[in-house]
Amino acid sequence: AVRNIVRKFFLGFVVIIFTDLLGKSNMSWYEGPIQIMNPSIPYQARIPGGAMPGKSVYVQGYVPHDSEGFSVNLKPHGGHNDDIAFHFNPRFNEPDVVCNTCVDGSWGSEERHPEPLQRGQAFEIKIKMKDYGFKASINGETICKYPHRVSLNDVDAVSIVGNVHVNVLRAEGGTVRSPEVPYIGPISCLT
Ligand code: GAL
């Protein structure tokens, strides 16, 4: 019996060493999409690993018949709660998509682009993070290349606000930046 106990103890020790080595191994990071289906709006989520050039946020949804507009917002952490690095705001009571930045609760100067969307339409919006800024498209058509007004390093969340139905919200691409080790993958970050 004593020998059995010693053997079990030894096996447990080997397992501990093995998992420890695995933890320190040169693992590659998960780079696939992280998505949520049918989030209730308004919705806010962390972007797993934060924002960085090469990543993008994808939204597939539908504009209700009574919508006045909605926005997809890329937000910095740690600042004023209302801060928005990139406010992408299709409007239906005006003929424009409005883009802007909000710092310390104050809006900057608006960029306006012709509104390609209509009420009652399904859409895909993609916001790509680039070195120079955010490149946003609606249904594959580039709407704007919006130069960064706040550092992309500070951006780590996305929100969707207004009258819109969202089927899919997805963070795509990139790798996890400066993860704390031990790190448990990004799967849960977008919920
Ligand atoms: C304001 C509006 C905000 C935001 C901003 C963009 O008039 O209340 O929600 O869209 O314009 O410049």
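Everything below is about the structure shown above.
Here's a quick rundown of the structure. (Residues numbered from 1 in each chain as written. Predicted model: local features only at pLDDT ≥ 70, side-chain atom pairs only at ≥ 80, totals over all residues. Heavy atoms only, no water.)

Description of the sheet that holds strand 10 (residues 133-138)
Point 1. Ordered by their spatial adjacency, 6 strands build an open sheet running 1-13-3-9-10-11, and the pairing between neighbours is antiparallel. Each edge of the open sheet is held by one strand with a lone partner, namely strand 1 (34-37) and strand 11 (141-147). The mean inter-strand angle of the sheet, taken between neighbouring strand axes irrespective of direction, is 15°.
Point 2. When strand 9 (residues 122-129) meets strand 10, the two strands line up antiparallel, connected through 5 bridges. Of the residues in strand 10, the one forming a bridge with Met129 is Phe134. (Pairing = 2+ DSSP bridges. Helix = DSSP H or I, 4+ residues; strand = E, 2+ residues; numbered from the N terminus. Axes fitted to C-alpha atoms, helices over the stretch in contact; angles between N-to-C directions.)

Some details on the nonpolar core
Point 1. Core analysis: the biggest nonpolar cluster contains 35 residues, and Phe86 and Phe88 have the highest contact counts within it.
Point 2. A total of 4 residues in this core trace back to one element, the largest contributor, which is strand 9. (Core = buried A, V, L, I, M, F, W, Y, C linked by side-chain atoms within 4.5 Å. Buried < 20%, exposed > 50% of the residue type's maximum accessible area, 1.4 Å probe, protein only.)

Remarks on the pairing of strand 13 (residues 165-172)
Point 1. The sheet contact formed by strand 1 and strand 13 spans 4 bridges and is antiparallel. In the strand pairing of strand 13, Met37 is matched with Val168.
Point 2. As defined by bridge partners, strand 3 (residues 56-62) adjoins strand 13 across 7 bridges and the pair is classed as antiparallel. Each residue of the ladder has a partner; that of Tyr58, found in strand 13, is Arg170.

Considering the site of the ligand
Point 1. In the region of the ligand, the neighbouring residues are His87, Asn89, Arg91, Val98, Asn100, Trp107 and Glu110.
Point 2. In this structure, an oxygen atom belonging to the ligand sits 3.2 Å away from a side-chain N or O atom of Asn89.
Point 3. About the coverage of the ligand: the protein hides 58% of its 310 Å² of free accessible area.
Point 4. If you list the elements that add at least two residues to the shell around the ligand, you get strand 5 (84-90) and strand 6 (96-103). (Near = heavy atom within 4 Å. Polar contact = N/O pair within 3.5 Å; in protein donor to acceptor, adjacent residues only side chain to side chain. Areas by Shrake-Rupley, 256 points an atom, 1.4 Å probe, with all protein chains shown as cover.)

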